[in-house]
Structures are given as structure tokens and as C-alpha cells.
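Here is what each chain is made of, one letter per residue.
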Amino acid sequence: MTTREAGSPMNESRSNGLLDRHSRHFLLLLSGINVALGLIFYVYPPFVIAFWPWPVKELAVRFMGAIFLAIAFGCWSAVRAERWQRAKILVLVGGTFFGITGIVSLVRGITVSSDVSTWAWTAYFLAAAAGCFVLLQYHGWHRTHAEVLSGPPMPRGARVFFGLQTSVVGIFGIMMLLLPSVAQQEFWPWKVYVSTLQTFAALFLATCLATGWATMQKDPERIRVLLPLDAIFPSLALLAVGISWSVIVAESPSWLVTGVWVGLYSFVAAGSTILYFTLGRQSSP
């Protein structure tokens, strides 16, 4: 009779704080699925509209494509980081987004429309969320060893940047999730279905967790892992707005609302990109 070796590769990776083979494979699979979905949603939104579980416009489909692509790059960035303590926040972001979106889709399936597409998307969102939370449970959240800084501490300006972002997306995300009708009338720049706005809220709240966590970190490499996701979504969202600018002009509550959102997305996209390369130069030999 034999027993499993305590020093197996999986246990050794876990004890050293590294992502094991199965964790990497899951994140790469999730990344691949989301790259495919993101490209289809973003490049050819009319194809998606017929298969989405609630009514959407092309602009909203491109926004969701931007979300999928950002999460795909987040999963890839987590694998590339290798160390769990650097990758964990991206897993939490994915689990939060997929979990909230899965609940939104599930509620719609129970209360409004119970067709095949609704349950297929619900199953995907909840399965992806479950996989992310299983990884969080398996690896744990807290450090087991003292933190060793890989370079200079995080600049104070980065903490201010993340703090501002946390406040804004947290407030808007809560309103979009719990008071979507108010959010639609007061500050969303085009008309969308309630479930669509709650899906966007899922990303906002996931981002709020990530940026709030970032304000408390000392290791710049932990922050740098997060930044591709933080830059890709607003950049692609701004491009989608440019493509469908006529929709914004026709449906935005006011030019002030439009200006605030364009300014916010530009601030996050530019700030994340600049910070990514700044931290990269600091950590290089």
C-alpha cells in the first residue's frame, strides 16, 4: 500500500507559494474562452445579439466584449505572475464578476425568460465563478511567509490613483446593481436593459475590490500584475463608444454625463498604462 508523497509537485508548488499545474491550466482555459468570446462580441456584435439572454444593442455587446478580453488578459497575467500572492487578486476579480453576472442571469431565467440561451450563459458564468473561488479556497488568501519586496515600494501617486478609482467605481457599481433604474436615468450615457447595467456593475464592483486591495500593497509587482486588466477594459470601451458615438449623442441624459464617463475611462486607461510602464522601469535591473 502506497501513500501520496508530501513532496509531490502540486504540494511543493503550493508550499512555495507558486501556482501549481492545475491552477495554471484552469486560468489558461478561462483565458482562452474569454479571448474567443471577447473577439466575437467586439468584432461582430450582430451575431451575438440573437444568442444573448436579454435585449442588447451593439454598443453594449462591445462593452461586454471588452470585459471578456480584459478578464482574458487578467487570467494570462495571473499565470505569468507565477506566484499566488501576486495572482490571487485577478482570480478574485474573475470570481466576483462571473458570480454576480451569473446571479443576474439566473434571476432573469427564473423570473422573466427560461430559454436555452439563458441557462447556457448562466451555467458558464456560475461555473467560471466556482472555478475561481475553488482556487481561492485551495491556495488561501493570506501569506504564509514574510513579504519580500522585489523593488522600490509603490509610489504614493499610485495609491492616490487606486483610491480615487475605488471610490468612483464602488459608488457607481452599487447604484447600478441595486438601483439600475435610477442609474439609467441619472448617469448612464445610453439606454440599456436592466440586466445589462447590472452586468456592468459586476465589473465595477470587481474592480473596486481590486483597486481597494491595491491601495494597501507594498510590493509593486503585485500591482503591476493587475494593471493590464485595469487598462484594457476602459481603452476598448472608449473605442466602442467612438464606433457608436451616434447612440451616445441620441440617448445620453446630458453632455455632462457623457463628459464625465469619457473623462473617467480616459483617466483610468491612461493612468493604468503609465503606471504599468513606470513600475516596470523601477523593477528592472
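Residues numbered from 1 in each chain as written. Predicted model: local features only at pLDDT ≥ 70, side-chain atom pairs only at ≥ 80, totals over all residues. Heavy atoms only, no water.

### Quick notes on the overall build of the protein chain
Then step 1. A count of helices and strands for the protein chain gives 12 helices and 0 strands.
Then step 2. Counting helices and strands in the order they occur from the N terminus, the protein chain gives α-α-α-α-α-α-α-α-α-α-α-α.
Then step 3. Look at the contacts in the protein chain between residues 6 or more apart in sequence, and 79% of them connect residues 24 or more apart.
Then step 4. With an accessible surface of roughly 13500 Å², the protein chain has 68% of that area assigned to carbon and sulfur atoms. (Helix = DSSP H or I, 4+ residues; strand = E, 2+ residues; numbered from the N terminus. Contact = heavy atoms within 4.5 Å. Areas by Shrake-Rupley, 256 points an atom, 1.4 Å probe, with all protein chains shown as cover.)

### Some points on helix 7 (residues 156-178)
Then step 1. The end-to-end C-alpha distance of helix 7, which contains 23 residues, comes to 33 Å, matching closely the 33 Å that a straight helix rising 1.5 Å per residue would cover.
Then step 2. Ala158, Phe161, Phe162, Gln165, Thr166, Val169, Gly170, Phe172, Gly173 and Met176 are the residues of helix 7 that are buried. (Expected span 1.5 Å × (residues − 1). Buried < 20%, exposed > 50% of the residue type's maximum accessible area, 1.4 Å probe, protein only.)

### Comments concerning the pattern of salt bridges
Then step 1. Under the definition given, this model contains 3 salt bridges.
Then step 2. Put simply, Glu251 and Lys57 hold a salt bridge, and the shortest N to O gap is 2.5 Å. Here Glu251, found in helix 11 (residues 245-251), pairs with Lys57, found in the loop between helix 3 (45-49) and helix 4 (58-81); they are 194 residues apart in sequence, far enough to count as distant.
Then step 3. Among the salt bridges present, the one from Asp219 reaches Arg86, with a minimum N-O distance of 3.5 Å. Taken together, the residues span a long stretch of sequence, with Asp219 in the loop between helix 9 (194-214) and helix 10 (220-243) and Arg86 in helix 5 (residues 84-111) at a distance of 133 residues.
Then step 4. A residue is classified by how much of its surface remains accessible, and Asp219, at 3% relative accessible area, is buried.
Then step 5. A relative accessible area of 18% means that Arg86 is categorised as buried. (Salt bridge = Lys/Arg side-chain N within 4 Å of Asp/Glu carboxyl O.)

### Focus: unusual backbone geometry
Leaving glycine out, the prevailing phi sign among residues is negative, and the prevailing peptide bond configuration is trans.
Then step 1. Positive phi is not limited to glycine here, since Glu82 has a value of about 70 degrees.
Then step 2. Relative to the assigned elements, Glu82 resides in the loop between helix 4 and helix 5.

### Thoughts on the nonpolar core
Then step 1. The biggest cluster of nonpolar side chains holds 87 residues, and the ones touching the most others in it are Phe63, Phe98, Met176, Trp188 and Phe200.
Then step 2. Elements with a minimum of two residues in this core: helix 2 (21-43), helix 4, helix 5, helix 6 (116-139), helix 7, helix 9, helix 10 and helix 12 (255-283).
Then step 3. Per element, the largest residue contribution to this core is 15 residues, and it comes from helix 4.
Then step 4. Other than its neighbours up to four places away in sequence, Trp188 contacts Phe63, Met176, Ala183, Leu197, Phe200, Phe204, Pro253, Val257, Trp261 and Tyr265. (Core = buried A, V, L, I, M, F, W, Y, C linked by side-chain atoms within 4.5 Å.)

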